[in-house]
Amino acid sequence: MAALLAQLLLTGLATGAIYALVAIGFSLLWQGSQVVNFAQGDFVTLPAFVMLGVMGYGLPLWVAMPVALLVSLLVLGVLFRRVLVQPMLRHGVMPLVIATMALSIFMENAMKNVASAEAYPFPGLSGGIDLGPLFLDWQSAVTLLSAVLAVLALHLFLSRTRTGRAIQATAQNPAVARLLGINVDRMILITFLINAALVTLAAVLISPAYLVKFNNGEAIGLTAFCAAIIGGFNQVRGAVAGGLLLGVTETFAATFGPDQYRAAVPMVLLIVFVLFRPQGLLGRREERRV
Amino acid sequence: MRLSATRLALGSGLLALIAAASPARADFTAPDLQIAVPAELSGSGASVGVLWRDGVHMAIDDVNAKGGVLGHKLVATDYDTQTNPSVSRAVIQKALDGHPYAVLGPVYSGSVKVDEELTKAAHITEIMGGEAGDLTTLGDAYVFRTGLGQAQTIPPVVEYMAHDLKAKRIAMIWVNDDYGKGGRDAFLADAKKAGLNVVADLSSEVGQVNFQADVLRLRASHPDAVFIYLHEEEAARFLKGARQMGVAVPMVGGTTVIDSQTMKLAGSAANGVVGFSGLATGAPMPAVQNFVQRFQAEFHVHPDHNAIKGYMAVWMVKAATEKMGKPDATGLAAALHGLMIEPASQPGILLPMHVLANGDVDNGGFMVVVKDGQQHIIRIMKPSM
Amino acid sequence: MSHARHAAVLGAALAALVLAGLVSFALQPYGIYLLSLWAVYTIAATGLNLTLGYAGQVSLAQAAFVGIGAYTTALLMPHGVPFGVSLMLGALGCFVLGLGLGFPALRVQGHYLAFVTLALTTLAFLVMRNETWLTGGIGGISNIRRPAGFASGRGYEFLCLGVLACVTLLAWWLLRSPWGRAFMALRENPMRAASLGVDVRAYTLLAFAIGAALGGVAGALYAPLVQYIEPSPFSLDFSLALLLMVVVGGSGLFLGPFLGALVAVLLPEWLRFLQDYYLVIYAALVIVLLALCPEGLIGLAERHLFRRKGRA
């Protein structure tokens with residue numbers, strides 16, 4: 001039993017690490033410019049397809065990755081902000097929220113038209129190592145390690161560098177940040193770029209197991225979305241905590257709970273948090289913005 | 001003025017081009033027969049519905065190239081159900097308003113259930129791709145399958161597990177929709193009769209991407225064999241996850257686990273998987289292989305059983321019409337019941353097919369094992385006569 | 001808005017209904033079915049418009065409310081409960097659920113109603129699918145009978161249009177009542193409304209609950225229209241589709257849902273030639289519309305007309 005629990009914990013953490021990566025980007029966008037990005041899951045699918053496209057020319061994965069990163073930074077970072085977010089923000093938050101829903105429909109169907117409704121295999125690591133009662137497969141190990149490194153790097157960047165601190169100041173209060181002489185516009189752009197990089201990393205890590213399909217984003221996006229809220233919508237640390245908590249809870253629930261209701265787990269957690277702890281695990285209470 | 005003149009020239013040029021491009025009208029003296037093709041062309045069922053539609057179109061081209069049905073040309077009109085029952089009902093109504101000769105589709109059982117009422121009321125034959133068991137048990141005399149239903153495909157699987165594998169403890173994983181639930185219920189009933197002990201009964205979601213918890217739970221139940229009833233992609237994700245976690249027990253399932261798409265996606269993880277299928281694309285028969293090659297050449301995708309089913313649906317219409325001697329839309333269903341269709345007279349039917357009294361068909365099937373991305377037939381089941 | 005303008009809007013809505021009734025005499029069963037579907041969508045979207053357009057809250061649960069209404073009717077009618085009563089019960093159930101769900105969500109500022117309603121849609125879907133003893137599960141409920149006297153396609157269309165007319169009058173009265181005026185004030189400027197003594201949260205909550213009840217009404221009509229229900233039409237996709245209907249027509253405008261639902265029903269017909277690209281183009285058009293004119297097509301038309309008038 002103890003072995004099973006340990007195994008579940010390990011598996012849950014590896015799953016949660018992915019949720020955390022996608023959820024962090026989600027939180028960053030919210031902090032940077034009040035974007036509730038309902039297309040976040042599809043943001044993970046796009047770089048996966050780009051990599052497949054590049055590999056379709058016979059190029060190896062390590063060539064495809066930087067290409068996908070570049071495309072992500074350009075399309076999901078710069079273009080997304082310039083074309084969709086900036087023109088829309090003057091109308092308030094709500095049209096923007098709905099626009100990202102429309103964007104999700106747009107992206108999924110565009111990817112379906114280009115790449116067909118079929119799923120595609122994606123290269124990954126196979127095999128693993130038997131640690132007595134535990135079994136650690138290489139793919140999960142790499143996923144966990146990469147996610148931890150990425151979060152650590154992001155944390156150091158945000159807390160130790162001048163730019164990082166400027167980004168945090170911007171997220172907390174753009175007006176004050178501007179008074180302090182911070183280039184708010186540039187800081188917001190950087191948060192969009194960080195999000196684009198995170199979803200690309202997530203795409204590399206999950207595609208071997210999840211395969212690449214036009215509507216994969218629905219499942220990934222919803223869970224990341226719940227993770228971000230559960231952890232604390234306005235905190236990067238919160239997104240990490242929420243992602244891991246959700247990954248572990250989901251794995252345990254799918255093992256011990258009524259499996260016909262497994263999809264309810266993130267949703268029930270979400271409702272419980274909204275009821276009893278709306279600021280999330282680690283979040284601050286949100287000040288009212290006018 | 002000049003603009004409109006240019007437009008006129010352009011327009012007439014285009015018309016001439018279209019006229020030149022369309023083949024000279026074959027000598028069809030009789031009026032056309034309208035075939036309505038409602039299918040899941042968008043939404044979650046698109047990967048299934050598009051193959052069905054392409055199969056139907058290929059068959060219609062084949063039939064027309066050989067003079068049509070009793071000299072009548074078949075003309076298809078496509079309708080998109082958007083994988084949504086209420087839209088499905090709308091488009092079937094639209095199709096019926098145009099008085100079609102037959103309705104071929106849709107594939108999803110939920111959509112078929114909505115449509116059945118309408119085609120029955122209009123006395124129009126509906127040949128569909130659904131596999132759910134209850135579609136042909138409701139006493140609708142106008143609805144037909146083109147392939148085996150779950151009542152026919154599950155028993156051979158249970159028998160294989162009990163006799164060939166001598167398995168006692170079975171873990172099962174199924175997708176919680178009408179397809180998976182139907183397969184699961186049929187399997188449970190048969191497994192009980194065969195004395196199999198189901199030690200794990202795992203429900204999973206459509207589009208589920210993460211199967212790690214399922215694999216862990218399955219491993220913890222220590223089964224002798226695993227029964228898989230998932231859609232192609234989910235089956236591939238599950239197989240990869242199971243192999244990755246070192247699950248080595250035999251895996252057996254329905255048509256989808258040995259599907260070409262599953263094999264492509266799961267790669268080496270699909271090796272050794274056994275499944276029972278109605279007409280499989282891997283069937284080592286010249287007629288089937290010829291179909292697969294031609295389909296691939298025309299549509300640039302590998303066909304699956306849905307493409308074959310759509311293809312055969314048209315030939316069922318042809319066979320029944322020729323039996324009647326004249327096209328009679330309302331009599332088509334009666335002509336189909338009990339019909340025995342032979343590939344000798346209807347080459348597109350690929351294998352001898354017996355249309356049963358309730359609208360089910362029996363055209364035999366194959367027990368298939370996957371080796372290195374290829375289907376290898378273990379056993380051939382002949383249709384009941 | 002002037003008194004005359006309000007009356008004109010109501011007149012336009014009712015005229016549209018009469019027109020829809022008359023047009024049906026020239027249509028095949030398919031066209032009649034589409035018009036009935038339009039009426040059902042319009043009712044659901046009108047409810048959502050109260051939440052989104054007037055109270056400024058995104059709700060992703062409208063599909064769940066439609067589903068609850070549909071299942072209530074489908075389950076009660078075979079037990080001899082009259083259609084009108086089961087419709088009312090479904091609406092009441094949605095109203096109560098809306099209050100229960102909206103109350104905690106609206107305590108918190110921000111987008112929490114969107115999050116909670118998203119969760120509700122998923123949960124409702126799971127219950128409909130898994131509780132086979134009640135809902136028939138995946139197999140759904142077939143052979144749903146239409147109420148006596150409205151069995152034919154056109155008869156049932158008239159019933160849908162009749163209910164839509166009632167909903168239209170109700171919504172119009174609601175927005176014209178003192179309650180509705182406070183509501184408008186709320187939309188124009190929440191801070192000022194609050195300082196004038198309008199209890200923002202109570203109004204928003206009530207708007208959401210009434211919107212939910214209208215979703216239930218739409219569902220009650222949907223089940224006998226399609227005559228078969230199963231869980232999948234009531235998933236998140238339908239909530240998104242309804243949301244887009246409100247936005248495309250013009251959120252916060254009385255006639256917005258009428259036009260938005262019409263576009264949703266007819267556009268797939270008109271854009272058939274686009275085939276697989278239909279949804280891509282539809283989504284892109286919605287984004288462009290939102291960027292140019294968040295008040296939707298009606299807002300766009302009004303702006304255009306006023307500019308013309310100003311010039312003349």
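Residues numbered from 1 in each chain as written. Chains lettered and ligands numbered in written order. Predicted model: local features only at pLDDT ≥ 70, side-chain atom pairs only at ≥ 80, totals over all residues.

1. Here we look at the sheet that holds strand 12 (residues 353-355) of chain B
Residues and elements named next belong to chain B.
And then number 1: Across the sheet, 3 strands lie side by side as 11-12-13; this open sheet has antiparallel pairing. Where the open sheet ends on each side, the last strands, each with one partner, are strand 11 (340-341) and strand 13 (361-362).
And then number 2: Where strand 11 lies against strand 12, 2 bridges are found, and the strand directions are antiparallel. By the bridge assignment, Met-340 is partnered in strand 12 with His-354. (Pairing = 2+ DSSP bridges. Helix = DSSP H or I, 4+ residues; strand = E, 2+ residues; numbered from the N terminus.)

2. Considering the interface of chain C and chain A
And then number 1: Taken together, the contact pairs 33 residues of chain C with 32 residues of chain A.
And then number 2: Of all the secondary-structure elements, those providing two or more residues to the side of chain C that touches chain A are helix 4 (83-107), helix 5 (112-130), helix 11 (236-249) and helix 13 (278-292) of chain C.
And then number 3: Broken down by element, the side of chain C that touches chain A gets its largest block of residues, 9 residues, from helix 5 of chain C.
And then number 4: Here the side of chain C that touches chain A is composed, by residue class, of 26 nonpolar, 6 polar and 1 charged. (Contact = placed C-beta atoms within 7 Å. Nonpolar A, V, L, I, M, F, W, Y, C, P; charged D, E, K, R; others polar.)

3. Digging into the domain arrangement of chain B
Residue and element names in this part refer to chain B.
And then number 1: Its domain assignment divides chain B into domain 1 (33-148 + 284-364) and domain 2 (157-254).
And then number 2: Using only C-alpha atoms to locate each centre, domain 1 and domain 2 end up separated by 31 Å.
And then number 3: Across the boundary between the two partners, domain 1 contributes 5 residues, which contact 4 residues of domain 2. (Domains from an automatic or database assignment.)

4. Examining the interface of chain B and chain C
And then number 1: Across the contact, 18 residues belong to chain B and 19 residues belong to chain C.
And then number 2: Looking at the side of chain B that touches chain C, the elements that each hand over two or more residues are helix 3 (85-97), helix 4 (109-122) and helix 6 (178-193) of chain B.
And then number 3: The element best represented in the side of chain B that touches chain C is helix 3 of chain B, accounting for 7 residues.
And then number 4: For the side of chain B that touches chain C, the per-class residue count stands at 3 nonpolar, 6 polar and 9 charged.

5. A few points about the confidence of the model for chain A
And then number 1: Considering every residue of chain A, the mean pLDDT works out to 89; 98% of them sit at 70 or more.
And then number 2: Confidence, expressed as mean pLDDT per element, reaches its minimum in chain A at strand 1 (residues 128-131) of chain A with 80 and its maximum at helix 2 (residues 40-55) of chain A with 97. (pLDDT = per-residue confidence, 0-100.)

6. What to know about the packing of helix 8 (residues 178-188) of chain C against helix 10 (residues 200-226) of chain C
Residue and element names in this part refer to chain C.
And then number 1: Viewed as axis vectors pointing N to C, helix 8 and helix 10 meet at an angle of 110°, and their least axial separation amounts to 11 Å. By the angle class used here, helix 8 and helix 10 are roughly perpendicular. Here helix 8 contributes Ala-182, Phe-183 and Leu-186 to the contact with helix 10, which in turn contributes Val-200, Tyr-203 and Ala-207.
And then number 2: By residue class, the composition of the contact of helix 8 with helix 10 is 6 nonpolar, no polar and no charged. (Axes fitted to C-alpha atoms, helices over the stretch in contact; angles between N-to-C directions. Parallel < 35°, antiparallel > 145°, perpendicular 65-115°, else oblique.)

7. Quick look at the nonpolar core
And then number 1: Of all hydrophobic cores here, the largest spans 335 residues; its most connected members are A:Ala20, A:Val22, A:Ala102, A:Ala202, A:Leu270 and C:Val40.
And then number 2: Considering each element in turn, this core owes the most residues, 18 residues, to helix 10 of chain C.
And then number 3: Two domains each put at least three residues into this core: domain 1 (33-148 + 284-364) and domain 2 (157-254) of chain B.
And then number 4: When neighbours within four sequence positions are excluded, A:Ala202 is seen to be in contact with A:Ile18, A:Leu21, A:Val22 and A:Val44. (Core = buried A, V, L, I, M, F, W, Y, C linked by C-beta atoms within 7 Å. Buried ≥ 20, exposed ≤ 12 C-beta atoms within 10 Å, placed from the backbone.)

8. Looking at the packing of helix 5 (residues 138-160) of chain A against helix 8 (residues 184-210) of chain A
Residues and elements named next belong to chain A.
And then number 1: In contact at an axis separation of 10 Å, helix 5 and helix 8 are set at 170° when each is read in the N-to-C sense. In terms of orientation, helix 5 lies roughly antiparallel with respect to helix 8. For the pair helix 5 and helix 8, contact is made by Gln-139, Thr-143, Ser-146, Ala-150 and Leu-154 and by Ile-194, Leu-198, Leu-201, Leu-205, Pro-208 and Ala-209, respectively.

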